[in-house]
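# Geometric and topological summary
Here are the chains, one letter per residue:
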Amino acid sequence: MLILKKRILILFVFILLMASVLFGNPITHGMTALAQENEPHVVVLTAAGPVTPGMAEYLSRGIRIAERSNSQVLIFELNTPGGNVMIMQKMVSMIRGSRVPVVVYVAPRGAFAASAGTVITLAGHLAAMAPETAIGAASPVGPQGEDIGKTEETKVKEILKAQVRSLTTRRGAEALALAEATIEKAKAVSADEALEIGLIDVIANDLDDLLLKIDGMNVETINGEQSIETAGATVDFVDISLIEQLLQMLTDPNIVFILLAIGVQAILIELSHPGGWVPGFTGVIMLALATYGLGVLPVNWFGMVFIAAAFVLFVLDIKAPTHGALTAAGIGSLIAGGLVLFNSPATPQFQHVSVPLVVGSSLFIGGMFAIVLTFAIRAQRTPIKTGQEAMIGRVGIVRKTIPSHGTGQAQVGGEMWTAELADGDEPLPVGTRVKVIAVSGIHIKVSKVS
């Protein structure tokens, strides 16, 4: 009972420490400048990668900071291949509901705002792009990354087109038509093409150039029309927090696969050796984190069947040894499961898991089970020795001289035994190392260890 209480206390302290680290006030650099109220302030966020809950939380926090500091503008630097439509709509609502003007800036050079990133860019009070960037290809796909049915596709496209129409009405007929084409025909355009048609407001080489070009522009927010003043503004870069980084990591298919594999293995260790709570606790945490990622990523759940089958095969090979045949089959099943789970043909390329990672992890896990299997077989084949049989072959020390004919004493395994020579050799003095040859009642026969 005392041990259980200690474990609960350790777990409680661990949870408190993690909560304080993950949910505490995030640290940003440059925020000391916010105290200087006489200077205009600009808050800058830098988001790269798929549209995930971590990115949405980052944007939400940045907007709160900008509003609290009465910033002139929030610049959301974006480089994304797209992501979850529901998260995209949440981010659009954040931007449109901000009291501080939000400039979505597709940067740096070579970046793109694809798929969901297109709509997020258009949601900005101002839309900007760096040279050599692209925007578009916003056609919807299913939750597994696959093409959706004709009826469902029509519904989703119509909803998204209605949304981009509301976001681009002020930009003119050409821009509106292009915005709809990015959804209807997956059309994509360069920064120059987007600016020429009026889909975006400005092309800027870098952040300084952007601040120069948007200075004096008027935008419409929920507080009414505002004039942006960025000349001589203090720029505050808000870093992504630990919890936001964690949320980003948990939507990386490579991380999710590793968590899944380690979690299941830890649970199996706990089940095979009950009482050691560390593997079980670790396994539960790993699986919980992996489940979160699986709920966000576009995955093919049929792959889970292969992964579950792999660990069943590993366990069966331990319980009913087949000289590694089931372990080999389990490795193959684990590799197939990892690839089917994340790397289905219709899944977006940026959400694929690394093939070398899947193969390497599967071989490592299979190798560990093979080692366990080897020890299990060896244990099953080792003759069971108990009582006097267990004494044969053990080594001890002479504690009382053993004469050629007669008995002395020898200590073996912490016990004192009456000992006599097995072969009638010369007497063995105290301190001589001897090996047990035979056991008869409370007597043992020994020979000198050469």
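Residues numbered from 1 in each chain as written. Predicted model: local features only at pLDDT ≥ 70, side-chain atom pairs only at ≥ 80, totals over all residues. Heavy atoms only, no water.

## Comments concerning the packing of helix α2 (residues 53–68) against helix α3 (residues 85–96)
Closest axis-to-axis distance for the α2/α3 pair is 10 Å, and the angle between their directions is 5 degrees. Classed by the angle they form, the pair α2 and α3 counts as roughly parallel. Together, P53, M55, A56, L59, S60 and I63 of α2 and I87, M91, M94 and I95 of α3 make up the contact between the two elements. Taken together, the residues that form the contact of α2 with α3 break down as 9 nonpolar, 1 polar and no charged. (Axes fitted to C-alpha atoms, helices over the stretch in contact; angles between N-to-C directions. Helix = DSSP H or I, 4+ residues; strand = E, 2+ residues; numbered from the N terminus. Parallel < 35°, antiparallel > 145°, perpendicular 65-115°, else oblique. Contact = heavy atoms within 4.5 Å. Nonpolar A, V, L, I, M, F, W, Y, C, P; charged D, E, K, R; others polar.)

## Here we look at the packing of α2 against helix α9 (residues 242–249)
One way to put it is that α2 packs onto α9 with a least axis distance of 7 Å and a crossing angle of 155 degrees. The angle between α2 and α9 places the two elements in the roughly antiparallel class. Here α2 contributes P53, G54, M55, E57, Y58 and R61 to the contact with α9, which in turn contributes E244, L247 and Q248. Of the residues that constitute the contact of α2 with α9, the class distribution is 4 nonpolar, 2 polar and 3 charged.

## Observations concerning the sheet that holds strand β16 (residues 443–448)
A barrel is described by the order of its strands in space; here 5 strands give the closed sequence β12-β13-β14-β16-β15, paired in mixed fashion. Strand-to-strand, the axes of this sheet are offset by a mean angle of 55 degrees, without reference to chain direction. One ladder, built from 3 bridges, connects strand β12 (residues 395–400) with strand β15 (residues 433–440); its direction is antiparallel. By the bridge assignment, I397 is partnered in β15 with R433. (Pairing = 2+ DSSP bridges.)

## Remarks on the sheet that holds strand β2 (residues 73–79)
Here we have 6 strands laid out as an open sheet, ordered β8-β5-β3-β2-β1-β11, and parallel in their pairing. For this open sheet the edge positions go to β8 (202–203) and β11 (234–237), each flanked by a neighbour on one side alone. Strand direction decides the pairing type here: strand β3 (residues 102–106) and strand β5 (residues 126–129), joined by 4 bridges, are parallel. What sits directly across from V106, in β5, is M129.

## Comments concerning the nonpolar core
Of all hydrophobic cores here, the largest spans 49 residues; its most connected members are L45, L59, L74, F76, M91, I120 and L199. No other element matches α2, which puts 7 residues into this core. With sequence-adjacent residues up to four places away left out, L74 is seen in contact with V43, L45, L59, G62, I63, A66, V100, P101, V102 and V103. (Core = buried A, V, L, I, M, F, W, Y, C linked by side-chain atoms within 4.5 Å. Buried < 20%, exposed > 50% of the residue type's maximum accessible area, 1.4 Å probe, protein only.)

## What to know about helix α8 (residues 207–214)
When we look at burial in α8, the residues that qualify are L207, D209, L210, L211 and I214. On its buried face, α8 is in contact with β1 (41–48), β2, β3, β5, β8 and β11. A distance of 3.3 Å separates the backbone nitrogen of D208 from a side-chain oxygen at the start of α8, and that oxygen is part of D206. Downstream of α8 by one or two residues, G216 has phi in the positive range, about 90 degrees. (Polar contact = N/O pair within 3.5 Å; in protein donor to acceptor, adjacent residues only side chain to side chain.)

## Regarding the confidence of the model for the protein
Do not read the predicted coordinates in detail wherever pLDDT is low. On average, residues of the protein carry a pLDDT of 79, and 77% of them reach 70 or more. The weakest mean pLDDT in the protein belongs to helix α1 (residues 2–23) at 45; the strongest belongs to β3 at 97. Ignoring residues within four places in sequence, the model shows residues 1–36, a span with pLDDT below 50, making 34 contacts including any to other chains. For residues 142–149, every residue scores under 50 in pLDDT, and the model assigns this stretch 18 contacts once sequence neighbours within four places are set aside. (pLDDT = per-residue confidence, 0-100.)

## Details of helix α4 (residues 116–123)
Residues spaced three or four apart along an α-helix face the same direction, because each turn holds 3.6 residues. With 8 of 8 residues buried, α4 lies mostly within the body of the structure. Buried within α4 are the following residues: A116, G117, T118, V119, I120, T121, L122 and A123.

## Some remarks on the environment of A134
Locating A134 in the fold gives a position in strand β6 (residues 134–136). Assessed through its relative accessible area of 30%, A134 is described here as partly exposed. Linking A134 and A114, residues 20 residues apart in sequence, is a C-alpha distance of 7.7 Å. Not counting residues up to four positions away in its chain, the partners in contact with A134 are V106, A111, F112, A113, M129, V189 and S190.

## So, the pairing of strand β9 (residues 218–221)
It is a general feature of regular strands that their side chains alternate between the two faces of the sheet. Residues V219 and T221 line the buried face of β9, whereas the alternating positions N218 and E220 sit on a face that is not buried. As paired strands, β9 and strand β10 (residues 224–227) are joined by 4 bridges and run antiparallel to one another. What sits directly across from N218, in β10, is S227. Linking β9 back to β10 in an antiparallel pair, the connection comprises 2 residues.

## A few points about the pattern of salt bridges
For the structure on display, the rule yields 10 salt bridges. Put simply, R99 and E67 hold a salt bridge, and the shortest N to O gap is 3.5 Å. Of this pair, R99 sits in the loop between α3 and β3 while E67 sits in helix α2, and the two are 32 residues apart along the sequence. The exposure class assigned to R99 is partly exposed, which follows from its relative accessible area of 43%. (Salt bridge = Lys/Arg side-chain N within 4 Å of Asp/Glu carboxyl O.)

## Describing unusual backbone geometry
Among all residues except glycine, the phi angle is most often negative; among peptide bonds, the trans geometry is most common. Here the bond from A107 into P108 is cis, since omega is 0 degrees, no more than 30 degrees from zero. With respect to the helices and strands, P108 occurs in the loop between β3 and β4 (112–114). Within the chain, N70 stands out as a residue other than glycine whose phi angle is a positive 55 degrees. With respect to the helices and strands, the residue N70 is situated in the loop between α2 and β2. The phi dihedral of E132 is positive, around 65 degrees, even though this residue is not glycine. Among the secondary structure elements, E132 is positioned in the loop between β5 and β6. Taking the relative accessible area as the measure of exposure, E132 reaches 60% and is therefore exposed.

## A word on the environment of T80
Turning to its location among the elements, T80 is positioned in the loop between β2 and α3. Along the primary structure T80 and G49 are separated by 31 residues, whereas in three dimensions their C-alpha atoms are 4.9 Å apart. Apart from residues no more than four positions distant in its own chain, T80 is found in contact with G49, P50, V51, F112, A113, A114 and G117. Within the structure, the side chain of T80 is placed 2.8 Å from the backbone oxygen of G49, a separation counted as a polar contact. Within the structure, T80 has its side chain in polar contact with the backbone nitrogen of G82 (distance 3.0 Å).

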